[in-house]
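Each chain, letter by letter, is given below.
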Amino acid sequence: QVQLVESGGGLVQAGGSLKLSCGVSGRTFSRYAMGWFRQAPGKERDFVAAISGSGGYTVYAESVKGRFTISRDNAKNTVYLQMNSLKPEETAVYYCAGGTKPSLFQGSYDYWGQGTQVTVSS
């Protein structure tokens, strides 16, 4: 059973930065593509970024390109999301997910974490 645990969320002012982490149990972490999604209150869960198992391929939502960076450390079974220049409208619960390919679509992911709250104050 694969388990994902997010951490690093919190309260930050607009323009600030946060780095989220997602620890993954299991010895086959490098086989999984990983993604980050977010869900704002009253809205659907949206794609943020994804990374291949090797880390050699990344893809981002247009709204976060140039500000967010997804990375992974396969030795630590951890995927990260560095978020810079945060905006109030990016307040949401951020989820990490694991799947077979770095997809923009939620249905491509088999495993999900419980989420971590990110609040950006204006």
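In this convention, every chain numbers its residues from 1, walking through the sequence in written order. Where local features are concerned, this predicted model is filtered to residues with pLDDT of at least 70; where side-chain atom pairs are given and counted, the filter is 80 or more; whole-chain, interface and lining totals use all residues. The side-chain numbers reported here are obtained from all heavy atoms of the structure, hydrogens and water having been left aside.

### Let's talk about the state of the cysteines
Okay, so step 1: Only a pair of cysteine sulfur atoms within 2.5 Å qualifies as a disulfide here. Counted under the stated rule, the structure contains 1 disulfide.
Okay, so step 2: Here Cys-22 connects covalently by a disulfide to Cys-96, the sulfurs 1.9 Å from one another. Between Cys-22 and Cys-96 the disulfide shows an S-S torsion of about 45°. By sign, it is right-handed. On the criterion of sequence distance, the pair formed by Cys-22 in strand β3 (residues 18-24) and Cys-96 in strand β9 (residues 92-99) is long-range, its members being 74 residues apart. Helix and strand definitions here come from DSSP, where helices need a minimum of 4 consecutive H or I residues and strands a minimum of 2 consecutive E residues; each element is numbered from the N-terminal end.

### A closer look at the nonpolar core
Okay, so step 1: Put simply, buried Ala, Val, Leu, Ile, Met, Phe, Trp, Tyr and Cys residues joined by side-chain atoms within 4.5 Å make one nonpolar core. Partly exposed residues are those whose accessible area sits between 20% and 50% of the maximum for their type, while under 20% is buried and over 50% is exposed, using a 1.4 Å probe and protein chains only. By size, the foremost hydrophobic cluster in this structure holds 35 residues, and its most contacted members are Met-34, Trp-36, Leu-81, Met-83 and Tyr-94.
Okay, so step 2: No other element matches the 5 residues that strand β5 (residues 45-51) contributes to this core.

### Quick notes on the side chain of Arg-38
Okay, so step 1: Following the sequence through the fold, Arg-38 ends up in strand β4 (residues 33-39).
Okay, so step 2: For this analysis, a polar contact is any N or O atom pair within 3.5 Å, provided that within protein one partner can donate a hydrogen and the other can accept it, and provided that sequence-adjacent residues contribute only side-chain to side-chain pairs. Within the structure, the side chain of Arg-38 is placed 3.0 Å from the side chain of Tyr-94, a separation counted as a polar contact.
Okay, so step 3: If near-sequence neighbours (up to four positions away) are discounted, Arg-38 is found in contact with Glu-44, Arg-45, Asp-46, Val-48, Ser-63, Val-64, Phe-68, Glu-90, Ala-92, Val-93 and Tyr-94. In this description, contact between two residues means that some pair of their heavy atoms is separated by no more than 4.5 Å.

### Section: the pairing of β5
Okay, so step 1: The buried fraction of β5 amounts to 5 of the 7 residues, a majority that puts the element mostly inside the structure.
Okay, so step 2: The pairing criterion for strands is at least two bridges between them, as found by DSSP. Bridging between β4 and β5 involves 6 bridges; their strand directions are antiparallel. Looking at the pairing, Phe-37 lines up with Phe-47 of β5.
Okay, so step 3: Linking β4 back to β5 in an antiparallel pair, the connection comprises 5 residues, with Gly-42 at a positive phi of about 75°.
Okay, so step 4: Pairing of β5 with strand β6 (residues 58-60) involves 3 bridges; the strand directions are antiparallel. For Ala-49, the partnering residue across the bridge sits in β6 and is Tyr-60.
Okay, so step 5: Counted between consecutive antiparallel strands, the loop separating β5 from β6 contains 6 residues, among which Gly-55 sits at a positive phi close to 90°.

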